[in-house]
Amino acid sequence: MEKQQRQGAVTVEFALTAGIAFATFFAAFEFCRVAMIRHTTDNAVYEACRVGIVPGATRADVEARAQTVLGTIGLGSTSITITPAVIDADTTDITVSIDVPIDGNSFVPPQFTGGNTISRTLTMQRERVGS
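Along every chain, residues carry numbers that run from 1 in the direction the sequence is written. Residues qualify for local features only when their pLDDT is at least 70, as the model is predicted, and side-chain atom pairs are given and counted only at 80 or more; totals for whole chains, interfaces and linings, by contrast, use all residues. With hydrogens and water stripped out, all remaining heavy atoms of the structure feed into the side-chain values.

Draft legend 1. Fine view of the overall build of the chain. Secondary structure assignment for the chain yields three helices and three strands. Only runs of H or I of at least four residues qualify as helices and only runs of E of at least two qualify as strands under DSSP, and these elements are numbered from the N terminus. The helix and strand sequence of the chain, counted from the amino end, reads α-α-α-β-β-β. Viewed in the frame of its principal axes, the chain has a C-alpha envelope of about 95 × 25 × 15 Å. With a 1.4 Å probe rolled over the protein chains alone, any residue whose accessible area is under 20% of its type maximum counts as buried; one over 50% counts as exposed, and the rest are partly exposed. Looking at the chain as a whole, 31% of its 131 residues qualify as buried. Any two residues whose heavy atoms approach within 4.5 Å are treated as being in contact. Look at the contacts in the chain between residues 6 or more apart in sequence, and 65% of them connect residues 24 or more apart. Areas reported as accessible are Shrake-Rupley estimates using a 1.4 Å probe. Residue values count occlusion only from the protein chains shown. Just so you have it, the chain exposes about 8200 Å², and 58% of that area is on carbon and sulfur atoms. In the chain, 10 positive and 13 negative side-chain charges are present, and the distance between their average locations comes to 5 Å. When charges are counted, Lys and Arg are positive and Asp and Glu negative, with His and the chain ends excluded. A charged residue contributes its charge at one atom only: NZ of Lys, CZ of Arg, CG of Asp or CD of Glu.

Draft legend 2. Focus on the pattern of salt bridges. Whenever a carboxyl oxygen of Asp or Glu lies within 4 Å of a side-chain nitrogen of Lys or Arg, that contact is scored as a salt bridge. Throughout the structure, instances matching the rule amount to two salt bridges. Residue R120 is joined to D42 by a salt bridge in which the shortest nitrogen-to-oxygen separation is 2.5 Å. Of the two residues, R120 sits in strand β3 (residues 117-125) while D42 sits in helix α2 (residues 9-52), which places them 78 residues apart along the sequence. We classify R120 as partly exposed; its relative accessible area is 25%.

Draft legend 3. Looking closely at the sheet that holds strand β1 (residues 79-83). On the basis of which strands lie adjacent, the open sheet formed by three strands has the order β1-β2-β3 and antiparallel pairing. Edge strands, defined here as strands with exactly one partner in the open sheet, are β1 and β3. Strand after strand, the sheet turns through a mean of 10 degrees between neighbouring axes, direction not considered. Across the sheet, α2 is in contact with β2 (93-101) and β3; its angle to β3 comes to roughly 25 degrees. Axis definition: a line fitted to C-alpha atoms, limited for helices to the stretch in contact. Angles are taken between N-to-C directions and run from 0 to 180 degrees. In the packing of helix α3 (residues 59-71) onto the sheet, the strands contacted are β1 and β2, and the crossing angle to β1 comes to about 150 degrees. What makes two strands pair is DSSP finding at least two bridges between them.

Draft legend 4. Molecular detail of the side chain of T40. Along the chain, T40 turns up in helix α2. Identification of polar contacts relies on pairs of N or O atoms within 3.5 Å, with a donor-acceptor requirement for protein atoms, meaning one able to donate a hydrogen and the other able to accept it, and with residues adjacent in sequence counted only if both atoms are side-chain atoms. Within polar-contact distance, the side chain of T40 engages the backbone oxygen of M36 at 2.8 Å. Setting aside anything within four residues of it in sequence, one finds T40 in contact with V69, L70, T72, I73 and L75.

Draft legend 5. Expanded view of α3. The end-to-end C-alpha distance of α3, which contains 13 residues, comes to 18 Å, matching closely the 18 Å that a straight helix rising 1.5 Å per residue would cover. Where α3 is concerned, the buried positions are V62, A66, V69 and L70. Projected onto a plane normal to the axis of α3, the buried residues spread over an arc of 100 degrees and lie on a single side. Buried residues along α3 sit in contact with α2, β1 and β2. Given the number of residues in a helix, its expected span is that number minus one, multiplied by 1.5 Å. When we speak of the arc, we mean the arc of directions from the helix axis to the C-beta atoms.

Draft legend 6. The arrangement of the packing of α2 against α3 in detail. Viewed as axis vectors pointing N to C, α2 and α3 meet at an angle of 155 degrees, and their least axial separation amounts to 8 Å. If you check the angle between α2 and α3, you find them roughly antiparallel. In the packing of α2 onto α3, the handedness of the crossing is right-handed. Listed contacts from α3 to T40, T41, N43, A44, E47, A48, V51 and G52 of α2 are D61, V62, R65, A66, V69 and L70. In this classification, the charged set is Asp, Glu, Lys and Arg, the nonpolar set is Ala, Val, Leu, Ile, Met, Phe, Trp, Tyr, Cys and Pro, and all remaining amino acids, among them Gly, are polar. Residue composition of the contact of α2 with α3, by class: seven nonpolar, four polar and three charged. Orientation labels follow simple angle bins: below 35 degrees gives roughly parallel, above 145 gives roughly antiparallel, 65 to 115 gives roughly perpendicular, and whatever is left gives oblique. Crossings are classed by handedness, with left-handed meaning an anticlockwise turn of the near helix from the far one by less than a right angle and right-handed meaning a clockwise turn.

Laid out in structure tokens, this is it:
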């Protein structure tokens, strides 16, 4: 008699907890991806600036380095801004800014972070040849 009364209990318990478990899993997955994007963007601005501060570097070198680092985790639709537009011997500082939209760079449809953009900027002083 006891067995017949509890026959659907497992189904009901699963229905009540499965949604919460899946939501928690996908939220954790989304936030981990955002953290990965944020850290990669931090690294990309740093690496691109390091390339740009070396004498003889060009804007194309800086942008290529940023794209290489961003490409390590497959980021697309990024915006890379390099200031100044022309890097020459008289350039004292270089600034690299990168904007990465979360939409289109997440593995799952973003529920918590959709519509946001990760923006990072770094300025470094250029190295000089001689004194």
